[in-house]
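Below are the chains, spelled out letter by letter.
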Amino acid sequence: MTAPTPPRLRVTAWTFTVLRRCYPGEKPWDVLQRAVRMLADADGHLTTDGHIKTGRPTRRQP
């Protein structure tokens, strides 16, 4: 049995421009992966060792 293939993501023209101009020479997938990890960490969805927290997510108060 083979591992499932990750889905292909579409990005907007603006996102593609940022990836190309701000991160030249880097693979877009690697840059997006870092960005999602930083966002999840900043939002409190990761443990200190980088694993996804389990349990029911809490709602943010406006």
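Scroll up for the structure.
Values in this document were obtained by computation on a predicted structure and should not be read as measured data.

Visitor: Would you explain the pattern of salt bridges in this entry?
Guide: Tallying each qualifying case throughout the model produces 1 salt bridge. Across the pair Arg-34 and Glu-26 runs a salt bridge whose closest N-O atoms are separated by 2.9 Å. Classification of Arg-34 as partly exposed rests on a relative accessible area of 38%.

Visitor: Would you mind showing me how to read the environment of Val-31 here?
Guide: Its location among the elements puts Val-31 in helix H2 (residues 28-42). In the structure, Val-31 is positioned 12 residues away from Leu-19 in sequence and 7.5 Å away in space, judged by C-alpha atoms. In contact with Val-31, not counting residues within four places along its chain, are Leu-19, Tyr-23 and Glu-26.

Visitor: I would appreciate a short explanation of the environment of Thr-12 in the present structure.
Guide: Looking at the element boundaries, Thr-12 is found in the segment before helix H1 (13-22). Taking the relative accessible area as the measure of exposure, Thr-12 reaches 47% and is therefore partly exposed.

Thresholds applied
- Residues numbered from 1 in each chain as written.
- Predicted model: local features only at pLDDT ≥ 70, side-chain atom pairs only at ≥ 80, totals over all residues.
- Heavy atoms only, no water.
- Salt bridge = Lys/Arg side-chain N within 4 Å of Asp/Glu carboxyl O.
- Buried < 20%, exposed > 50% of the residue type's maximum accessible area, 1.4 Å probe, protein only.
- Helix = DSSP H or I, 4+ residues; strand = E, 2+ residues; numbered from the N terminus.
- Contact = heavy atoms within 4.5 Å.

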